Amino acid sequence: MSLTLRINGEDRSILSDPETPLVYVLRNELKLKGSKLGCGLEQCGSCAVLVDGKAELSCVSPAATFEGRDIVTIEGLAATEIGRRVQAAFVETNAAQCGYCTAGLVVAVSSLLAENESPDRDAAKAALDPHLCRCGAHPHVLRAIEIASGRS
Amino acid sequence: MSLANFPNVSDWLAMSNGRLQVRTGKVDIGQRISTALAGIARHELTLPSNLVNVQPVGTDGSPDEGMTSGSNSIEQSGHAVRLAAATLRAQVVTYLCNRLGGRPEDWSLEKGELTGPGTNRPLALLDIVGEIGLDMPVNPGARIADAGALSGLPMRGLPELVQGTYRFLHDLDLPGMRHARVVHPPHAEARLGGIRSDVEAKLEDEGLSVFRDGSFLAVTGPAEWPVVRAAQRLANACEWDAGDGLNDSDIYDALTQANGLRLAVEDGMPIKDAPIPNELTETTHHARYERPFTMHGALAPSAACATWDGKTLQIKTHSQGIYILRESIAESLDLSTDDVILTFMPGSGCYGHNGADDAAFEAALIAMRLPSTPVLLKWTREDEHAWEPYGPAGATELAARIGPDGRLEAFSAEAIGGTFRGRPRSGPNQAGPAKLLANNFRADPINPQPGVPNMNRHGGLQRNLVPIYDIPETRYVKNLLPRMPLRTSALRCLGAALNVFAIESFMDEIARDQGADPFAFRKAHLTDARAIAILERLEMELVARPAKAGSGRGIAYAQYKNAMTRVGVSVDLKVSDAAEIELERIILVADAGRVVDRDGLAAQLEGGALQAASWALKEAVIWDRDGVTSRDWDSYPVLRFSDVPEIDVVILDKPDCKSVGAGEASPGPVLAAISNAVCDATGLRGRRLPLTPDTLTSLALQE
């Protein structure tokens, strides 16, 4: 029986080998190329997606392990109020340089704000610790979180 | 240089579908140059953002501005675009005066619309441009618009980035495209002996193709994940002849004058055949500062997409130097340069010469075997960590003589290190191809060549070797090690990172030794009013924010290449009982001349500061005889969010001074300010980066 995944609110039949890590299925079979591959080792956070509302990395776990769970990618994030708020805050604060880490960070911040409406700076940093940004956009990203959470 | 080669307005500006197109040879690698260039054109012509675009950069049409490096883009491309737009504006006004009357001052331009004598409604500037065209020489004396109007430039591409619709090179999906992965050797000295078992045949049965040229080995297929798996299977089946392995003796023992090609440096420039200046006499202070091999560590492993149609080779690349790369790829493949077309597509930030150029050539090699098939090649995380050309390890040795008045009487600096010139620039004896990694491994290999000294002012090792301070007697020497155990090339700041770290640590050491205030000691040796203004502003900021009890505070100052952006830095930090450094606050005060994009400028300064913080606290490439062991983000740790301090950026806008680049201005002084703050907190002087808990513990044991 083929694999079915619920992605951005829709059930999608998956033809790829169910052992394929989720990010390859998203990017190649479903053409959802917003999620990025940075390491394939769960060390950099570029591939984060929301799974049942929480940020999870998608570059190692096989697609089959996500069956029956609710996956939201960066492309589907604008369907939620929090997602839209976070996206708008990143744009307002210019919270990116090269932007390769951005999708993972927007997902992670959306996950954080769903759990904690008004995280302080330490909570924000702790939540983003799985995410690397090599350009040093961190201060702008932390500012985006303040804006999105209404702390400033 | 950019304007001299491309003197026409049409070289820099074009019209397409009623919108103005900015043409540039500088690529956007996350430094927001395209945002800044569009901003400059908009500012000169008062155009709204939806009427200005930046054309993609390619070797088949963009102005060849050489490399996108050295923080030069604002000075080169930005200057050219500004004057081209200013020339155009004046030309449009002259045309209207002739057609409709009035003098130039009778015409006003606002929001891209002109009003003047005889107009009952505003005229759209771009409509007039459509009438008069863009074929006119740039007037170098064109009057440029007053500064001030620009702020809050929206970053180009950001709305698409947060929606996941922005496209990187890695996201390409072309009809008939094959994915490719390379099976790199365990290290640079290894050669492929054979491939065990029947894995090749099995892969072919599965629709995958193995590509082999000597010890260059790759696999391609129509779907990405099976290709990733196939590359792992192929790697497991390879038998490598390890040769002598890598030279794993202590690199710091090898960083000596005796091992170097020595050159006297005067006014920041190496002098060929000049005698090495005599050592200073009766020096009072000496110190040697060291830095390890350092990765660019791009977040996205390098990638490229190549297509060969039997006549033309098209390559999409995120290289910083598409023009020189084109020549070296053409030379490597015996093609005419005209038949190789490189187009820039975004990758992640690169911070210098990373794996981009090598991946482009590897994709080309494979594509040449698969006519009319786009080949999207991606390096893995391990490929990027193990095979990118690193920033070279180095040592800077300083000596000084302090006079009875406490001032610097004499100063000596010697830079020792490997080359930053690893980019594939053409030259005699296949110098360009030799720098493309795959050529080292092909059946008919082109071997790596010894490093050749960069003779430019503030180039390579000598970048910022000459301090900005006024010192009566000086001597400067560069010592290039032509061979290093690891391949090296340009990394953000080149020699300026280590040299400024060294000089600004040394200034701190001398000031401390004399019981002098670090601000006063620096100011006593400065005459540049803009430098002094920065230090005074920084001092003011610090008075407003006293350091916390138990924290250390350090400062530093530098001007990039002694000619570009000036940056003063202070760092507050704590050192824990476990010798871990916790950064608390970084303050940057900068003067980059006239500000083009305030937020973009702040982002570059902050980004540089945080990269330097990562270098200072964490980064060092580790290797042994069997290869590089820094192969992922665990074995090569870098700065994470929890390490990020508060950062304040103060920009001193100088509307009457020329705009200068800032992307590499902050790292050097930040390195020194961190080390100076550690010394302030602990009394320990860290002269070898990174300042890990192990480094600090061993320093404490030596006390």
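Conventions we followed
- Within each chain, residue numbers correspond to sequence positions counted from 1 in written order.
- Whichever chain is written first is A, and whichever ligand is written first is 1; the rest continue in order.
- Selection of residues for local features in this predicted model requires a pLDDT of at least 70, selection of side-chain atom pairs for listing and counting requires 80 or more, and totals for whole chains, interfaces and linings are taken over all residues.
- By convention in this description, side-chain values take in all heavy atoms of the structure and omit both hydrogens and water.
- Contacts between residues were defined by any pair of non-hydrogen atoms, one from each residue, lying within 4.5 Å.
- Note on definitions: buried area is the accessible-area loss of two parts on being combined, 1.4 Å probe, summed for both.
- When a carboxyl oxygen of Asp or Glu lies within 4 Å of a side-chain nitrogen of Lys or Arg, that pair is called a salt bridge.
- Nitrogen and oxygen atoms within 3.5 Å of one another constitute a polar contact, given that in protein one can donate a hydrogen and the other can accept it, and given that sequence-neighbouring residues count only through two side-chain atoms.
- We count a stretch as a helix when DSSP gives it H or I for four or more residues in a row; a strand needs E for two or more, and each element gets its number in order from the N terminus.
- Residue type decides the class: Asp, Glu, Lys and Arg count as charged, Ala, Val, Leu, Ile, Met, Phe, Trp, Tyr, Cys and Pro as nonpolar, and the leftover types, Gly among them, as polar.
- Only when DSSP finds a minimum of two bridges between them are two strands counted as paired.
- Axis angles are defined between N-to-C directions and span 0 to 180 degrees, where every axis is a line fitted to C-alpha atoms and, for a helix, only to the segment in contact.
- Burial classes follow relative accessibility: with a 1.4 Å probe on protein chains only, a residue under 20% of its type's maximum area counts as buried, one over 50% as exposed, and anything between as partly exposed.
- The span you would expect from a helix comes to 1.5 Å times its residue count less one.

(A) Representation of the interface of chain A and chain B within the structure. Across the boundary between the two partners, chain A contributes 50 residues, which contact 54 residues of chain B. Approximately 4,500 Å² of surface area, both sides summed, lies buried where chain A meets chain B, with 56% of it carried by carbon and sulfur atoms. If you look at where chain A meets chain B, you find six salt bridges. For the pair chain A and chain B, the interface holds 31 residue pairs in polar contact (both at pLDDT 80 or more). The element that contributes the greatest number of residues to the side of chain A that touches chain B is helix α5 (residues 138-148) of chain A, accounting for five residues. Of the residues contributing to the side of chain A that touches chain B, the split by class is 24 nonpolar, 16 polar and ten charged.

(B) Focus on the sheet that holds strand β3 (residues 52-54) of chain B. All names here are of chain B. Across the sheet, which stays open at both edges, the three strands sit in the order β1-β2-β3 with mixed pairing between neighbours. Each having just a single partner strand, β1 (13-16) and β3 make up the two edges of the open sheet. Geometrically, the sheet is characterised by an average inter-axis angle of 35° between neighbouring strands, direction not taken into account. Inspection of the sheet shows strand β2 (residues 19-22) paired to β3 by three bridges, in the parallel sense. Residue pairing for β3: Leu20 is matched across the bridge by Val52.

(C) Representation of the sheet that holds strand β17 (residues 340-344) of chain B. All names here are of chain B. What the seven strands build is an open sheet, ordered β9-β10-β7-β18-β15-β16-β17; its pairing is mixed. If you trace the sheet from one side to the other, it starts and ends with β9 (209-213) and β17, each paired once. Sheet twist, expressed as the average angle between the axes of neighbouring strands with direction ignored, equals 25°. Looking at chain direction, strand β16 (residues 313-317) and β17 are connected through five bridges and run parallel.

(D) Region of interest: the pattern of salt bridges. Residues and elements named next belong to chain B. By the definition in use, this model includes 55 salt bridges over all chains. With a shortest N-O distance of 2.9 Å, Glu75 and Lys658 are connected by a salt bridge. Within this pair, whereas Glu75 is found in helix α4 (residues 73-100), its partner Lys658 is found in the loop between β27 (646-651) and α18 (667-682), the two being separated by 583 residues in sequence. Here Lys658 falls in the exposed class, since its relative accessible area comes to 56%. The partner of Arg196 in a salt bridge is Glu239, and the shortest N-O contact between them spans 3.8 Å. Placement of Arg196 in the loop between β8 (191-195) and α7 (199-205) and of Glu239 in strand β11 (residues 238-241) is noted, with a sequence separation of 43 residues between them. For Arg196, a relative accessible area of 36% translates into the label partly exposed.

(E) Spotlight on helix α8 (residues 224-237) of chain B. Between its first and last C-alpha atoms α8(B) spans 20 Å; for 14 residues at 1.5 Å apiece the expected length is 20 Å, and the two agree. Those residues of α8(B) lying buried are Glu224(B), Trp225(B), Val227(B), Val228(B), Ala230(B), Ala231(B), Leu234(B) and Ala237(B).

(F) Representation of the side chain of Arg27(A) within the structure. Residue and element names in this part refer to chain A. Of note, Arg27 is situated in helix α1 (residues 22-29). You can call Arg27 buried: its relative accessible area is 4%. There is a polar contact of 3.1 Å between the side chain of Arg27 and the backbone oxygen of Lys33.

On their own, these measurements won't tell you what the molecule is for.
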